[in-house]
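Structure assessment
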Amino acid sequence: MTKLLNIQSSMFQAGGQTSQLAAKYIERWKANNPEGEVVQRDLAADPVPHLSLDRFQAFNTPADQRTPDQQAIVDFSDKLIEEISSADALVLGVPMYNFTIPSTLHTYFDHIARAGITFRYTANGPEGLLKNKKAIIFVARGGYYGDNHAQSTFLRQFLGFVGITDVEFVYSEGLATGEEAKEKATAAANERIAELA
């Protein structure tokens, strides 16, 4: 059975532009994969705690030396990792906030980037362990920035670091420049959704 993990990070939740585009893609995907499973993770409705020293130390403490509180921290991270590990494809809704990704998504990334579990260091450099997955990323921006932007570069770099190198971006840009531009951007994104799903 094919499994899709939908990660949303818009503060507007289902009303956000990226959330709506992802929902359209998922609707088409489900029509083409009636036996497929969709797992939803809304980081605005259910935010992941920010990485703290206590959490970082829990990740690095050997299992047989962890306190109950440290084990609970690791269990939470393990649950997120199992969720992404078991998915065949990821669909991410990523608005641009202050030139980068939402802090909620960055915090989520902090909890799934764990040495020896989702990546490992080798003599030839780091190796991602979340392989054989595809990611489709819906990005919404008020202005025009294109693919060669720090936000896109970071997303591509992070996903590649944990082993996800098959990454497709769908941009909806110029949303704050006027209604006509917004309609044009949404129509272009919808066309791309039809091609990908």
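Residues numbered from 1 in each chain as written. Predicted model: local features only at pLDDT ≥ 70, side-chain atom pairs only at ≥ 80, totals over all residues. Heavy atoms only, no water.

**Some points on the packing of aromatic side chains**
For any pair of aromatic rings, the description rests on two quantities: the centre-to-centre distance and the angle between the ring planes. What counts here: For this analysis, a ring pair means two rings from Phe, Tyr or Trp (six-membered ring only for Trp) whose centres lie within 6.5 Å, classed as stacked if their planes differ by under 30 degrees, edge-to-face if by over 60, and tilted for the remaining angles. Numbering of helices and strands runs from the N terminus; a helix is a DSSP stretch of H or I covering at least four residues, while a strand is a stretch of E covering at least two. Using a 1.4 Å probe on the protein chains alone, a residue whose accessible area is under 20% of its type maximum counts as buried, one over 50% counts as exposed, and one in between counts as partly exposed.
Enumeration according to the criterion identifies nine aromatic pairs in this entry. Taken together, a centroid distance of 6.0 Å and an interplanar angle of 55° make the contact between Y25 and F138 tilted. A residue pair is termed long-range when its members are at least 10 positions apart, and Y25 in helix α1 (residues 17-32) and F138 in strand β6 (residues 134-140) qualify at 113 residues. Just as Y25 is buried, F138 falls in that class too. Put simply, the rings of Y108, F109, F154 and F158 touch in pairs and so form one group of aromatic residues.

**Quick look at the environment of K184**
Relative to the helices and strands, K184 resides in helix α6 (residues 179-196). Overall, K184 belongs to the exposed group, its relative accessible area being 66%.

**Quick notes on a nonpolar patch on the surface**
Basically, it comes down to this: Residues form patches when they are more than 30% accessible in relative terms and have no salt bridge. Like charges link within 9 Å. Nonpolar side chains (Val, Leu, Ile, Met, Phe, Trp, Tyr) link within 5 Å. Working definition of accessibility: Shrake-Rupley area with a 1.4 Å probe, residue cover restricted to the visible protein chains. What makes a salt bridge here is a side-chain nitrogen of Lys or Arg within 4 Å of a carboxyl oxygen of Asp or Glu, nothing more.
Together, L51, L53 and F56 make up an exposed nonpolar region whose accessible area comes to about 300 Å². Mapped onto the elements of the fold, L53 is located in helix α2 (residues 53-60).

**With respect to the sheet that holds strand β7 (residues 166-172)**
Put simply, the test is: The pairing criterion for strands is at least two bridges between them, as found by DSSP. For helices, the fitted axis covers only the stretch in contact; all axes are lines through C-alpha atoms, and the angles between them, taken along N-to-C directions, range from 0 to 180 degrees.
The strand order across the open sheet built from five strands is β2-β1-β3-β6-β7, with neighbouring strands paired in parallel fashion. Both outer strands of the open sheet, β2 (37-42) and β7, are each paired with one neighbouring strand and no more. For this sheet the average axis-to-axis angle between neighbouring strands, irrespective of direction, equals 15°. By the bridge criterion, six bridges tie strand β1 (residues 3-8) to β2 in an arrangement that is parallel. If you follow L4 over to β2, its bridge partner there is V38.

**With respect to the pattern of salt bridges**
Enumeration according to the criterion identifies ten salt bridges in this entry. In this structure, K131 engages E127 in a salt bridge whose closest nitrogen and oxygen atoms are separated by 2.7 Å. Notably, a salt bridge pairs D147 with R156, separated by 2.9 Å at the nearest N-O pair. Looking at R156, the relative accessible area reads 34%, which means it is partly exposed. Here the salt bridges share partners, and the residues they tie into one network are R41, D46 and E83.

**A word on the side chain of S9**
Convention followed: The term polar contact refers here to a pair of N or O atoms within 3.5 Å; inside protein, the definition further demands a hydrogen-donor-capable atom paired with an acceptor-capable atom, and it admits residues adjacent in sequence only when both atoms are side-chain atoms. The contact rule is simple, with two residues in contact once any of their heavy atoms fall within 4.5 Å.
Within the secondary structure, S9 is located in the loop between β1 and α1. Accessibility expressed as a relative area gives 2% for S9, which makes it buried. There is a polar contact of 2.7 Å between the side chain of S9 and the backbone oxygen of G93. Ignoring any residue separated from it by four or fewer positions in sequence, one finds S9 in contact with L43, G93, V94, P95, Y97, P102, T104 and L105.

**Focus: the nonpolar core**
Definition in use: Definition used in this section: a nonpolar core is a set of buried Ala, Val, Leu, Ile, Met, Phe, Trp, Tyr and Cys residues joined via side-chain atoms within 4.5 Å.
Counting 28 residues, the largest nonpolar core has L105, Y108, F109, I137 and I164 as its most contacted members. Contributions of two or more residues to this core are made by β1, α3 (68-85), β3 (89-95), α4 (103-112), β6, α5 (150-161) and β7. With four residues, α4 is the single largest residue contributor to this core. Discounting chain neighbours no more than four positions away, the residues touching I137 are L92, V94, L155, L159, V167, E168, F169 and V170.

**A word on the layout of surface pockets**
The following threshold applies: Here a cavity denotes grid points, spaced 1 Å and computed from the protein atoms alone, that fit a 1.4 Å probe unable to get out, and a pocket denotes an open set having protein on both sides within 12 Å along at least 5 of 7 lines; residues with an atom within 4 Å of a point are the lining. Grid points are joined across faces, edges and corners, and a volume is the space filled by probe spheres set on the points. Polar here means any residue other than Ala, Val, Leu, Ile, Met, Phe, Trp, Tyr, Cys and Pro, which are nonpolar, and Asp, Glu, Lys and Arg, which are charged; Gly is therefore polar.
Computed from the structure, the largest pocket encloses a volume of approximately 220 Å³. Together, 14 residues line the largest pocket, and F12, Q17, P95, A140 and L175 are the ones closest to its centre. Ranked by residue count, the leading element in the lining of the largest pocket is α1, at three residues. Of the residues that constitute the lining of the largest pocket, the class distribution is six nonpolar, seven polar and one charged.

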